[in-house]
Amino acid sequence: MSEWEDVADDAAQHDDTARVKAERDRLARELYETKHKHADYLAAVEAAVQDAVARIDIAPVSAPELVPDNNTSEEYAVALLSDLQTGKRTPDYNSEVARVRVMRYARKVVELSNHQRLHHPVRHCIVPMLGDMVEGVDIFPGQQWLIDSTLYDQLFNTTPALLADFVRYLLAHFETVTVYAVDGNHGRIGRRGQFGPMDNADRMLYRILAMLLRDEPRFQLHMTDPQGERNWYQVMELGNYRAMLIHGDQIRGHSGFPWYGLGKKVNGWGSGGIPETFQDVFMGHYHQLARIPLNQRSVWVNGSTESTNTYASESLAAQSEPSQWLLFVDPNAGRVTASYGVQLKETADSDGER
């Protein structure tokens, strides 16, 4: 190769390098602009929500008159709530049915707590909200044919009012109601990876609920809010009892409940995978009511208010009844003392119930 050819080759390589660097700089600028535009958009949405909710005035619920303590150990009612998927439509499920079943659950929480109160005080209700409170609209292909409302309606009309009514009903029968909340996968905006992990409708919904009940001094919401990350877990502490709360889509499986994956993940988290210690795990996602012992821990898998899922029938050969777990926890002993799998399907006695 001649000297002039060497020079020409070096010049061509230099041009290629310059083009690559220019393209890199252009993409970096576009990414910077996209991130800032997205942040501005989210800030505008949050400001609009706060302004709208501030116009809604909800008076605090009157505190109940409970029977004085009888010198026995106090327990907490722990009402798991998850997988409402408001907005979803099946042959016998929609947003209206979801409301009926959630409020039926609230009444059963109170009825069962009253039975427990015959023996010991139950003054406080804890509500772990484990995600998939809404159905979403575009997290998998064809979902648009399986919903009865838009994400706007799910997030601003249907679900906040339902959760506020649920909490307010409990406040009429307990001294305090405390919510611990994590995000579900149906709250995701768009397909997996399309938007940031913070863009989750469940996360927005919990904030709206807190705004609606801002004047209720006997209500508290605990939600982790990591920047740039999903609110995927938290550890709930009730005295000496600690439970790890997740939605459950962190557990990978195939064609059914992932028994092996569950044991592997829980044992990993319990041996240092997360910094906190915990006795039990609360999760949803699989729409199947179950208690799974893993040595000294128990995994409480919550049900769903949904019914007649034709996809589950066809693809998984599985079906479950609408249900939710209600547990009672002794905070001093640090353990679950009683559990009720609360069935929520309509019966002859509940026809016309609203």
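Here, the structure is the one placed above.
Here is a short report on the structure shown in this document. This one's a predicted model, so the numbers in the text were calculated from it and none came from an experiment.

**What about the overall build of the chain?**
- Helices and strands together make up the secondary structure of the chain, namely six helices and 11 strands.
- The burial tally for the chain puts 46% of its 354 residues in the buried class.
- Contacts in the chain between residues far apart in sequence, at least 24 positions, make up 72% of those at least 6 positions apart.
- Entry remark: accessible area of the chain is about 18,100 Å², with carbon and sulfur atoms responsible for 53%.

**Observations concerning the sheet that holds strand S7 (residues 280-283)**
- The strand order S5-S6-S7-S9-S8 describes an open sheet built from five strands, whose pairing is mixed. Of all strands in the sheet, those with a lone pairing partner are strand S5 (233-238) and strand S8 (290-294), marking the two edges. Ignoring strand direction, the axes of neighbouring strands in this sheet form an average angle of 20°.
- In this sheet, S7 lies alongside strand S6 (residues 241-246) in parallel orientation, the contact comprising three bridges. Each bridged residue has a counterpart across the sheet, and for methionine 244 the counterpart in S7 is valine 281.
- Its contacts with the sheet place helix H5 (residues 259-273) against S6, S7, S8 and strand S9 (297-301), and it is angled at close to 55° to S8.

**A closer look at the packing of helix H2 (residues 95-116) against helix H3 (residues 151-171)**
- The interhelical angle for the contact between H2 and H3, taken along N-to-C directions, is 15°, at an axis separation of 9 Å. Compared by their axis directions, H2 and H3 come out roughly parallel. Where H2 crosses over H3, the two elements pack in a sense that is right-handed. Residue-level inspection shows Ser95, Ala98, Arg99, Val102, Met103, Tyr105, Ala106, Arg107, Val109 and Val110 of H2 in contact with H3, the latter providing Thr158, Ala161, Leu162, Asp165, Phe166, Tyr169 and Leu170.
- Among the residues forming the contact of H2 with H3, the class breakdown is 12 nonpolar, two polar and three charged.

**Focus: the environment of aspartate 148**
- Turning to its location among the elements, aspartate 148 is positioned in the loop between strand S2 (124-129) and H3.
- For the pair aspartate 148 and threonine 86, spaced 62 residues apart in sequence, the C-alpha to C-alpha distance is 8.7 Å.
- The contacts of aspartate 148, once residues within four sequence positions are left out, are Gly87, Lys88, Arg89, Asn94 and Ser95.

**What to know about unusual backbone geometry**
- With a phi angle near 55°, aspartate 83 is a residue other than glycine that sits in the positive phi range.
- Topologically, aspartate 83 is positioned in the loop between strand S1 (76-79) and H2.
- Overall, aspartate 83 belongs to the buried group, its relative accessible area being 0%.
- The backbone phi angle of glutamine 85 is positive, close to 45°, even though this residue is not glycine.
- Note on placement: glutamine 85 falls in the loop between S1 and H2.
- In this structure glutamine 85 comes out as buried when scored by relative accessible area, which is 1%.

**Here's the deal with the pattern of salt bridges**
- Enumeration according to the criterion identifies 12 salt bridges in this entry.
- In this structure, the salt-bridge partner of glutamate 306 is lysine 88, at a minimum N-O distance of 2.6 Å. Taken together, the residues span a long stretch of sequence, with glutamate 306 in the loop between S9 and helix H6 (310-316) and lysine 88 in the loop between S1 and H2 at a distance of 218 residues. Judged on exposure class, the residue glutamate 306 and its partner lysine 88 are both buried.
- Through salt bridges with shared partners, a single ionic network connects Glu74, Arg123 and Glu175.

**Let's talk about the nonpolar core**
- Grouped together as the largest cluster of nonpolar side chains are 45 residues, with contacts concentrated most on Met129 and Phe166.
- Excluding its chain neighbours within four sequence positions, the residues that come into contact with phenylalanine 166 are Leu81, Val102, Met103, Tyr105, Ala106 and Val127.
- Residues Met244, Ile251, Leu294 and Val299 belong to the second largest nonpolar core, which totals 19 residues.

**Overview of the environment of arginine 89**
- Relative to the assigned elements, arginine 89 resides in the loop between S1 and H2.
- Counting along the chain gives 218 residues from arginine 89 to serine 307, while the straight-line C-alpha distance between them is 9.6 Å.

**Quick notes on the sheet that holds strand S3 (residues 176-181)**
- Read from one edge to the other, the open sheet built from six strands follows the order S4-S3-S2-S1-S10-S11, with strand pairing classed as mixed. Each edge of the sheet is formed by a strand with only one pairing partner; in this case those strands are strand S4 (219-223) and strand S11 (335-343). In this sheet, adjacent strand axes meet at a mean angle of 20° when their direction is disregarded.
- Two strands pair when backbone bridges link them, and S1 and strand S10 (residues 323-330) are joined in this way by four bridges, in the antiparallel orientation. Pairing of alanine 77 across the sheet is with phenylalanine 328, part of S10.
- In the packing of helix H4 (residues 201-212) onto the sheet, the strands contacted are S2, S3 and S4, and the crossing angle to S4 comes to about 155°.

What counts, and where the lines are drawn
Residues numbered from 1 in each chain as written. Predicted model: local features only at pLDDT ≥ 70, side-chain atom pairs only at ≥ 80, totals over all residues. Heavy atoms only, no water. Helix = DSSP H or I, 4+ residues; strand = E, 2+ residues; numbered from the N terminus. Buried < 20%, exposed > 50% of the residue type's maximum accessible area, 1.4 Å probe, protein only. Contact = heavy atoms within 4.5 Å. Areas by Shrake-Rupley, 256 points an atom, 1.4 Å probe, with all protein chains shown as cover. Pairing = 2+ DSSP bridges. Axes fitted to C-alpha atoms, helices over the stretch in contact; angles between N-to-C directions. Parallel < 35°, antiparallel > 145°, perpendicular 65-115°, else oblique. Left-handed = near helix turned anticlockwise from the far one by under 90°. Nonpolar A, V, L, I, M, F, W, Y, C, P; charged D, E, K, R; others polar. Salt bridge = Lys/Arg side-chain N within 4 Å of Asp/Glu carboxyl O. Core = buried A, V, L, I, M, F, W, Y, C linked by side-chain atoms within 4.5 Å.

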